[in-house]
Amino acid sequence: YPRAGSPDTQLAEVPGPRAAEAAVGAGAAADDSLRRLRAHLERQPRDARGWVILARIEADRDRFGEAAQAYAKALVASSKVAADPAVWCEYADALGMMQGGNLAGRPRELIARALALDPNHPKALELAGSSEYERGDYAAALRYWRPLLAAQQAGSQAYAELAAAIARTERLAATAVAPKRGQELAVK
């Protein structure tokens, strides 16, 4: 029985060749699954759920253009998917990442669509606040982020991070000139 810190324990912690083969095998299995999903979607282009799964996989792989295309196909394929604010937010996020993290333009429109479906959707509130923050409309950013903070569990990391962002934004709002009224995200 090896003791903690002994050379035997340290060797046991180093992955052997079989572990590397298993990792490569898992990657190959994932690639095979992805090929099968794409083939399925070629045969069944109205499978909105499949398009959302593909979009999420592509986004996880930092392939935001491919993710955005898949989200667009999912939204067209199903009215049920088109009624899900989370999918609109994910689509906006993918487009924003294609723009270097900027939510201006089309991502902003998609965020407004998500808010129209659910004005209290957490991800939509987060993105809307971020979009307004990018524009320099700190007061508008706060209108989205404050309700989001109220929905967070006090003491959680998410709460602490958002509270810090709000405090920073409040300081900026106190000294900034806001854009013309009516330019915040319209809930349509």
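Going by the structure above, here's the rest.
The sections below set out a description of the structure shown in this document. (Residues numbered from 1 in each chain as written. Predicted model: local features only at pLDDT ≥ 70, side-chain atom pairs only at ≥ 80, totals over all residues. Heavy atoms only, no water.)

A closer look at unusual backbone geometry
Defined as follows: The helix and strand labels rest on DSSP assignments: H or I over at least four residues marks a helix, E over at least two residues marks a strand, and numbering proceeds from the N terminus.
Unusually for a residue other than glycine, Asp 62 sits at a positive phi of about 60°. Its place among the elements puts Asp 62 in the loop between α3 (48-60) and α4 (64-77).

Some remarks on the side chain of His 121
The test is simple: The contact rule is simple, with two residues in contact once any of their heavy atoms fall within 4.5 Å.
Residue placement: His 121 occurs in the loop between α7 (106-117) and α8 (122-135). Sequence-distant contacts of His 121, defined by excluding residues within four places in its chain, comprise Pro 85, Ala 86 and Cys 89.

Details of the packing of aromatic side chains
What counts, and what does not: Aromatic pairing here means that ring centres of Phe, Tyr or Trp (its six-membered ring) are within 6.5 Å. Orientation follows from the plane angle: under 30 degrees is stacked, over 60 is edge-to-face, and everything else is tilted. Exposed residues in this analysis have more than 50% of their type's maximum accessible area, buried residues have under 20%, and partly exposed residues fall in between, with area computed by a 1.4 Å probe over protein chains only.
By the definition in use, this model includes three aromatic pairs. Both rings, one in Tyr 133 and one in Tyr 138, keep their centres 5.2 Å apart while their planes meet at 65°; by these two values the pair is edge-to-face. A relative accessible area of 28% places Tyr 133 in the partly exposed class. Among the aromatic side chains, those forming a connected cluster through ring pairs are Tyr 133, Tyr 138 and Trp 145.

Observations regarding the packing of α7 against α8
Rules: All axes are obtained by fitting lines to C-alpha atoms, using only the stretch in contact for helices, and the reported angles, taken between N-to-C directions, cover 0 to 180 degrees. Helix crossings get a hand from a simple test, with the near helix turned counterclockwise from the far one by less than a right angle marking a left-handed crossing and a clockwise turn marking a right-handed one. Three categories are distinguished: nonpolar for Ala, Val, Leu, Ile, Met, Phe, Trp, Tyr, Cys and Pro, charged for Asp, Glu, Lys and Arg, and polar for the others, with Gly belonging to the last.
At a closest axis distance of 9 Å, the pairing of α7 and α8 adopts a crossing angle of 140°. Between α7 and α8 lies a crossing of left-handed hand. Contact with α7, carried on its side by Arg 108, Ile 111, Ala 114 and Leu 115, involves Ala 124, Leu 125, Leu 127, Ala 128, Ser 131, Glu 132 and Arg 135 of α8 and no other residues of that element. Looking at the contact of α7 with α8 residue by residue, the class counts come to seven nonpolar, one polar and three charged.

Some thoughts on the environment of Met 98
Looking at the secondary structure, you find Met 98 in helix α6 (residues 85-98). For Met 98, a relative accessible area of 47% translates into the label partly exposed. Along the chain, Met 98 and Ala 68 lie 30 residues apart, while their C-alpha atoms are 8.8 Å from each other.

Let's talk about α6
Short version of the rule: In this analysis, the expected span of each helix is defined as 1.5 Å times one less than the number of residues it contains. Polar contacts, as counted here, are pairs of nitrogen or oxygen atoms within 3.5 Å of one another; within protein the pair requires one atom able to donate a hydrogen and one able to accept it, and residues that are adjacent in sequence qualify only if both atoms are side-chain atoms.
The end-to-end C-alpha separation of α6 is 20 Å, in line with the 20 Å expected for 14 residues at 1.5 Å each. Within α6 the residues assigned to the buried category are Pro 85, Val 87, Trp 88, Cys 89, Tyr 91, Ala 92, Ala 94, Leu 95 and Gly 96. Packing partners of the buried residues in α6 comprise α3, α4, α5 (79-82), α7 and α8. Its side-chain oxygen placed 2.9 Å from the backbone nitrogen of Ala 86, Asp 84 serves as the N-cap of α6. Of the residues trailing α6, Gly 100 is marked for its positive phi of about 75°.

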